[in-house]
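Commentary on secondary and tertiary structure
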Amino acid sequence: MNFEKLAISENRYNSLIQSQTNYFVRLDTKGNFTYCSERYIDDFGWLYPGNDSIGENSLIDSLPSKYEKIQEIITKCLKNPFRNYQIEITKLGKNEHNKATKWDIVLLKRDNGESEIQCVGIDISDIVKAEDENKFQANILSKIGQGVVATDTEGNIKFFNAAAEKI
């Protein structure tokens, strides 16, 4: 009967993980994949032979310019088990459309002394794109010679450029 309960519990757990829109991966302490969710494989599996990332190095999907930052976080995790760290990583995307991602990373230790790095990530590409567009627009508004004042629907000033200060 315990085996049945365990099987039911494992099926529920797998169903929960696979239905997530987040990326969920686990790595050994050398940085090689031991598990990847379907969402992760959908977006990054194309980088691995046969869409199978298990046993492959996890840096393959990241831009080389991020390797040092990733290694720093992994080193912190190895020194501080069960402590959560966050990192933003640009991942290689299909058709040269890289993905901005944000990850929570933690080292888990089992009772038998084995360790595994758990990573839960989300695609923040749309957020980054919107922030970049806002910065671009704010830059334009700050440099034009005409006074610009922006208000909310209640008339409260939310933005004004340098030229508006002179008015």
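To keep things clear, this report deals only with the structure shown in the data block. Bear in mind the structure is a predicted one, so any value in this text is a computation, not a measurement.

1. Brief notes about the overall build of the protein chain
A tally of helices and strands in the protein chain yields five helices and seven strands. In sequence order, the secondary structure elements of the protein chain are arranged as α-β-β-α-α-β-β-β-α-β-β-α. Looking at the protein chain residue by residue over its 167 residues, the buried ones come to 28%. Of the contacts formed within the protein chain by residues at least 6 apart in sequence, a portion of 36% connects residues at least 24 apart.

2. A word on the pairing of strand β2 (residues 33-36)
Bridge analysis of strand β1 (residues 23-27) against β2 gives three bridges, and the strand direction is antiparallel. Bridge pairing in β2 places Val-25 opposite Cys-36. A loop of five residues connects β1 with β2, the two strands running antiparallel in sequence, and Gly-31 in this loop sits at a positive phi of about 95°.

3. A word on the packing of aromatic side chains
Tallied over the full model, the rule gives seven aromatic pairs. Ring geometry for Tyr-23 and Tyr-40: centres 6.1 Å apart, planes at 90°, overall edge-to-face. Here Tyr-40 lies in helix α2 (residues 38-44) and Tyr-23 lies in strand β1, a separation of 17 residues in the sequence. Both residues of the pair, Tyr-23 and Tyr-40, count as buried. Measuring from ring centre to ring centre gives 5.4 Å for Phe-33 and Tyr-40, while their planes differ by 50°; the resulting arrangement is tilted.

4. Some remarks on the state of the cysteines
In this structure the tally under the stated criterion is zero disulfides. Cys-36 takes part in no disulfide bond, and the closest cysteine sulfur, belonging to Cys-119, lies 9.5 Å away. Cysteine Cys-77 shares no disulfide, and the gap to the nearest cysteine sulfur, in Cys-119, comes to 7.5 Å.

5. A word on helix α3 (residues 67-79)
Here α3 contains 13 residues, and its C-alpha end-to-end distance of 18 Å stays within 8% of the 18 Å for a straight helix at 1.5 Å per residue. By the burial criterion, the buried members of α3 are Ile-70, Ile-73, Ile-74 and Cys-77. The buried residues of α3 all sit within an arc of 100° when viewed along its axis, so they share a single face. Turned more than 90 degrees from where α3 packs its buried face, Glu-68 and Lys-79 sit exposed. Structurally, α3 contributes buried residues whose contacts are with β3 (85-91), β4 (99-109) and β5 (115-123).

Criteria and cut-off values
- Along each chain, residue indices are assigned from 1 in the same order as the chain's sequence is written.
- With the structure being a predicted model, the display of local features is reserved for residues of pLDDT at least 70 and the display and counting of side-chain atom pairs for 80 or more, all residues being used for whole-chain, interface and lining totals.
- Only hydrogens and water are removed before side-chain values are computed, so all heavy atoms of the structure are retained for them.
- A run of DSSP states H or I qualifies as a helix once it reaches four residues; a run of E qualifies as a strand once it reaches two. Both are numbered from the N-terminal end.
- Only protein chains enter the area calculation, which uses a 1.4 Å probe; residues under 20% of their type maximum are buried, those over 50% are exposed, and those in between are partly exposed.
- Contacts are residue-level and defined by heavy atoms, with any inter-residue pair within 4.5 Å sufficient.
- Any two strands are treated as partners once DSSP identifies two or more bridges connecting them.
- Centre distance within 6.5 Å is the pairing criterion for rings of Phe, Tyr and Trp, where only the six-membered ring of Trp is used; planes under 30 degrees apart are then read as stacked, over 60 as edge-to-face, and the remainder as tilted.
- What counts as a disulfide here is a pair of cysteine sulfur atoms lying within 2.5 Å.
- Any helix carries an expected span of 1.5 Å times its number of residues minus one.
- The arc refers to the directions leading from the helix axis to the C-beta atoms.

What is shown is where atoms sit, not what they do.
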